[in-house]
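Given next are the chains, with one letter for each unit.
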Amino acid sequence: TDPALIRNFCIIAHIDHGKSTLADRMLQLTGVVEQRQMRAQYLDRMDIERERGITIKSQAVRLPWARTDEENGQTHILNMIDTPGHVDFTYEVSRSLAACEGCILLVDAAQGIEAQTLANLYLAMEHDLQIIPVLNKIDLPAAQPEKFAAELANLVGCEPEDVLKVSAKTGVGVDELLDKVVRDVPAPVGVKDAPARAMIFDSVYDAYRGVVTYVKVVDGTLNKRERIRMMSTGAAHELLEIGTNSPEMKAADGLSVGEVGYLITGVKDVRQSKVGDTITQLNKGATEALGGYKDPKPMVFSGLYPLDGSDYPELREALDKLQLNDAALVYEPETSAALGFGFRVGFLGLLHLEVIRERLEREFGLELIATAPNVIYGVTMEDGTEHEVTNPSEFPTGKIAEVQEPVVRATILTPSEFIGAVMELCQNRRGNLLGMDYLSEDRVEIRYTLPLAEVVFDFFDQLKSKTRGYASLDYEPTGEQVADLVKVDILLHGDQVDAFSAICHKDKAYAYGVRLVSKLRELIPRQAFEVPVQAAIGSRVIARETIRAIRKDVLAKCYGGDISRKRKLLEKQKEGKKRMKMVGSVEVPQEAFIAVLSSD
Ligand code: GTP
């Protein structure tokens, strides 16, 4: 295809603002999917995505379109590139954007712009994309198109009249939007006769075909059967198949300047075909890779343990399988005195963690215990040695010079009535105010730097509850800071329970210790002897409770108060006799671990 006829674009939208519906409508209007084949949300392939309403993996679809506002217009090729919508996948979003020349900024006309949209809009601006602001859902009675058109216009620097108003649901305005994409989005530019350079913006494992890699060809041409080279690793492969999606895969002889499509080399693991990498020919290929490649870096770690220890091999197998399709997922075996054999697993962020955990439970039928998520700490000792800590129980003892923790730059959008509540929350989480801007008279963008550790610890839930669900959040890593951090250990009868060790800011260590100790006292049944439950920093005890010894004959009396609840607990414990874990000499019901670890 002549690059002058190609338009590469993506849609940026907040969750639920209608991206999938608009994409579906475009598939239908351009005739690539017939009405009767149409099923809701064609592009979201995974069940879990559909259920949770999030888009994790991006794809590209080729849409032929002749302008309706021009007579005998030429047919253009619109490549719609789907971007993942969540904060954890910022890098993947940035690669999808890098494959485009323009983007549709889609905003719900009843909701207005949200933090995530804003963060992605800034990314799009950094990539110099042509931005087409669009209000969706104008069919809704609650829509306020005038108000939000002004807000959008203000944000992208255009006139309110230039904001298109559509309904993805009814189809109103979508023709016009496709015309505008052809008119406003610049055609891709590249060097036709140069060695090929193609950027990978997505890479998906398929059980039948192996890894399917999505690319945009920037320079030159990639041909079928050619030998290619991955520029980050130098690995060579043969191009078994190359083609486009419309939306089913359609093989072609090759792809050239500006074209977007897929390729298959027979590799079995997405880590061999990494997002952001540049592909060139093996012989006489390009010498300089396209910019922007980064190795995915896990930010959040958690220990995953099978509830039933004998499921350990299944857990390993399941993780191996998930990793085929997820270059950012890393894990290594670890053992916990309290929880047995499991894995320390690294994730891009909290959502990534949740998705993986849910898939392990749902698709692989595993029951898991997950330790509280933690970030990576850099510890420098007084003798100059350095440690990277991904598991709190491995925090070094001895003379520590300083501890570094990762920080993020957070963008929060909120109705102005909640400014006070949001700032209080951020302040409590050791935040540093960077700035604040009014998007319109009643909506504010607040920017903070925050320690990532404070964000992964129920920050989002708190933010939502303090703003009645109205605030939205986005964040990106911005480096590290030195902080006054300590390790708090929990001891049962003098033995450390590794699964409960946590790294806290010094000012919060006491509260953490008290909370855990009193929870454990409630959850652990009486034993034949008295059991002290303690929280300690190093050898200094900061909180203590005691579980009294059992007196056999007066069991019932001991449990006074809410008898039925305690009895239920007792019964449960009986059921789960095999689910008792020995921590030193103390029997701890597995439920206690789950309860303490899950209710942050
Ligand atoms: P994610 O995939 O979760 O990011 O969401 P999305 O942005 O793709 O939103 P989706 O297309 O799933 O739409 C969210 C909800 O809004 C669905 O219930 C749609 O039916 C509805 N919706 C989308 N567009 C319109 C519209 O133009 N009008 C009305 N009334 N509802 C719409």
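Residues numbered from 1 in each chain as written. Predicted model: local features only at pLDDT ≥ 70, side-chain atom pairs only at ≥ 80, totals over all residues. Heavy atoms only, no water.

**Q** What exactly am I supposed to notice about the environment of leucine 22 here?
**A** You can see leucine 22 is positioned in helix 1 (residues 19-29). Along the sequence, leucine 22 and valine 174 sit 152 residues apart, while their C-alpha atoms lie 8.0 Å from each other. Once residues within four sequence positions are removed from consideration, leucine 22 is found in contact with Ile11, Leu106, Ala168, Val174 and Leu177. (Helix = DSSP H or I, 4+ residues; strand = E, 2+ residues; numbered from the N terminus. Contact = heavy atoms within 4.5 Å.)

**Q** Looking at this structure, I do not really get the UniProt feature "binding site: GTP" (unreviewed entry) in the chain. What am I missing?
**A** Following the UniProt record, the feature "binding site: GTP" (unreviewed entry) maps to Asp16, His17, Gly18, Lys19, Ser20, Thr21, Asn136, Lys137, Ile138 and Asp139 here. By the element assignment, isoleucine 138 lies in the loop between strand 5 (130-136) and helix 5 (145-156). Residue classification places isoleucine 138 among the partly exposed residues on the basis of a relative accessible area of 27%. What isoleucine 138 contacts, discounting residues up to four positions off in sequence, is Ala109, Ala143, Lys165, Val166, Ser167 and Val172. Along the chain, aspartate 139 turns up in the loop between strand 5 and helix 5. (UniProt positions renumbered as here; feature names shortened; annotations may be inferred. Buried < 20%, exposed > 50% of the residue type's maximum accessible area, 1.4 Å probe, protein only.)

**Q** What should I look at first to understand the packing of helix 3 (residues 90-98) against helix 4 (residues 115-126) in this one?
**A** For any two helices packed against each other, the geometry comes down to the angle between their axes and how far apart the axes lie. Between helix 3 and helix 4, whose axes approach to 10 Å, the crossing angle comes to 40 degrees. Between helix 3 and helix 4, the interaxial angle falls into the category oblique. As for how helix 3 packs across helix 4, the hand of that crossing is right-handed. Touching Thr90, Val93, Ser94 and Leu97 of helix 3 are Asn120, Leu123 and Ala124, all from helix 4. Residue composition of the contact of helix 3 with helix 4, by class: four nonpolar, three polar and no charged. (Axes fitted to C-alpha atoms, helices over the stretch in contact; angles between N-to-C directions. Parallel < 35°, antiparallel > 145°, perpendicular 65-115°, else oblique. Left-handed = near helix turned anticlockwise from the far one by under 90°. Nonpolar A, V, L, I, M, F, W, Y, C, P; charged D, E, K, R; others polar.)

**Q** Explain the sheet that holds strand 3 (residues 75-81) to me, please; I cannot follow it from the model alone.
**A** Strand pairing in a sheet is mediated by backbone hydrogen bonds. Such pairs are either parallel or antiparallel. With mixed pairing, the six strands of this open sheet are ordered in space as 2-3-1-4-5-6. In this open sheet, the two edge strands, each paired with only one partner strand, are strand 2 (60-66) and strand 6 (164-165). In this structure, strand 4 (residues 102-108) lies alongside strand 5, joined through seven bridges in parallel fashion. For leucine 105, the partnering residue across the bridge sits in strand 5 and is proline 133. Helix 5 rests against strand 4, strand 5 and strand 6 of the sheet, and its axis sits at about 165 degrees to strand 5. (Pairing = 2+ DSSP bridges.)

**Q** So what exactly am I meant to see when it comes to the pattern of salt bridges here?
**A** Between side chains of opposite charge, a pair can form as their charged atoms come close. Applying the stated rule across the entire model yields 28 salt bridges. When the shortest N-O distance is used, the salt bridge between glutamate 241 and arginine 209 registers 2.5 Å. Of this pair, glutamate 241 sits in strand 12 (residues 241-245) while arginine 209 is found in the loop between strand 7 (197-206) and strand 8 (210-219), placing the two residues 32 residues apart along the sequence. Arginine 225 is the salt-bridge partner of glutamate 238, the closest N and O atoms lying 2.9 Å from each other. Of this pair, glutamate 238 sits in strand 11 (residues 236-238) while arginine 225 sits in the loop between strand 9 (221-223) and strand 10 (227-230), and the two are 13 residues apart along the sequence. For glutamate 238, a relative accessible area of 27% gives the class partly exposed. Residues participating in the shared-partner salt-bridge network are Arg67, Asp69, Glu70 and Arg183. (Salt bridge = Lys/Arg side-chain N within 4 Å of Asp/Glu carboxyl O.)

**Q** Please explain the nonpolar core as it appears in this structure.
**A** Burial of nonpolar side chains together is a common tendency in soluble globular proteins. In terms of nonpolar packing, the biggest core is built from 50 residues, with Leu360, Leu452 and Phe459 touching the most fellow members. The element contributing the most residues to this core is helix 7 (residues 312-324), with five residues. Once residues lying within four places of it in the same chain are set aside, the contact partners of phenylalanine 459 are Ile412, Leu425, Cys426, Arg429, Leu450, Glu454 and Leu473. Membership of the second largest hydrophobic core comes to 39 residues, among which are Cys10, Leu105, Ala109 and Ala143. (Core = buried A, V, L, I, M, F, W, Y, C linked by side-chain atoms within 4.5 Å.)

**Q** Help me understand helix 1 in this model?
**A** Think of an α-helix as turning once every 3.6 residues; residues three or four places apart then point the same way. Counting buried residues in helix 1 gives eight out of eleven residues, a clear majority hidden from the surface. Where helix 1 is concerned, the buried positions are Lys19, Ser20, Leu22, Ala23, Asp24, Arg25, Met26 and Leu27. Of the surrounding secondary structure, the elements contacted by the buried residues of helix 1 are strand 1 (6-13), strand 2, strand 3, strand 4 and helix 6 (174-184). Remark: glycine 31 follows helix 1 within two positions and exhibits a positive phi of approximately 80 degrees.

**Q** Help me out: how do you make sense of the packing of aromatic side chains in this one?
**A** Describing an aromatic ring pair means giving the distance of the ring centres and the angle of the ring planes. One pass over the structure, following the stated rule, counts five aromatic pairs. Relative to phenylalanine 341, the ring of tyrosine 312 lies with its centre 5.9 Å away and its plane at 55 degrees, an arrangement referred to as tilted. Residue tyrosine 312 is located in helix 7, and its partner phenylalanine 341 is located in strand 19 (residues 340-347); the two are separated by 29 residues in the primary sequence. For the ring pair tyrosine 312 and phenylalanine 343, a centre distance of 5.0 Å and an interplane angle of 5 degrees mean the geometry is stacked. Here tyrosine 312 is found in helix 7, whereas its partner phenylalanine 343 is found in strand 19, with 31 residues between them in sequence. Of the residues examined, tyrosine 312 reaches a relative accessible area of 17% and is grouped as buried. Linked through ring pairs, Tyr312, Tyr331, Phe341 and Phe343 together constitute an aromatic cluster. (Phe/Tyr/Trp six-rings, centres within 6.5 Å; stacked < 30°, edge-to-face > 60°.)

**Q** I tried to follow the side chain of histidine 237 on my own but got confused; where do I start?
**A** Residue placement: histidine 237 occurs in strand 11. Aside from chain neighbours lying at most four places away, what touches histidine 237 is Glu226, Arg227, Ile228, Met230, Thr265, Val267 and Gln272.

**Q** What's the story with the packing of helix 9 (residues 419-428) against helix 11 (residues 459-466) in this structure? I'm lost.
**A** Interaxial distance between helix 9 and helix 11 falls to 9 Å at its minimum, and their mutual angle equals 155 degrees. By the criterion of interaxial angle, the relationship of helix 9 to helix 11 is roughly antiparallel. Here the hand of the crossing between helix 9 and helix 11 comes out right-handed. Only Phe459, Gln462, Leu463 and Lys466 of helix 11 make contact with helix 9, whose side of the interface consists of Ala421, Val422, Leu425 and Cys426. Grouping the amino acids of the contact of helix 9 with helix 11 by side-chain chemistry returns six nonpolar, one polar and one charged.

**Q** Explain the sheet that holds strand 12 to me, please; I cannot follow it from the model alone.
**A** Strand order in this open sheet of eight strands is 11-10-16-7-8-15-12-13, and the pairing throughout is antiparallel. The strands lining the two open edges of the sheet, one partner per strand, are strand 11 and strand 13 (249-251). The mean angle between the axes of side-by-side strands here comes to 40 degrees, regardless of whether they run parallel or antiparallel. Taken together, the nine bridges between strand 7 and strand 8 define a ladder with antiparallel strand orientation. Paired with valine 204 across the bridge in strand 8 is valine 212. Each of strand 7 and strand 8 is contacted by helix 3, which is oriented at about 130 degrees to strand 7, the strand it contacts most.

**Q** When you look at helix 4 in this model, what are you seeing that I'm missing?
**A** Look at helix 4: 17 Å from first C-alpha to last across twelve residues, which is about the 16 Å you get at 1.5 Å a residue. For helix 4, the buried fraction is high: nine of the twelve residues fall into the buried class. Restricting attention to buried positions, one finds in helix 4 the residues Ala115, Gln116, Thr117, Leu118, Ala119, Asn120, Leu121, Leu123 and Ala124. (Expected span 1.5 Å × (residues − 1).)

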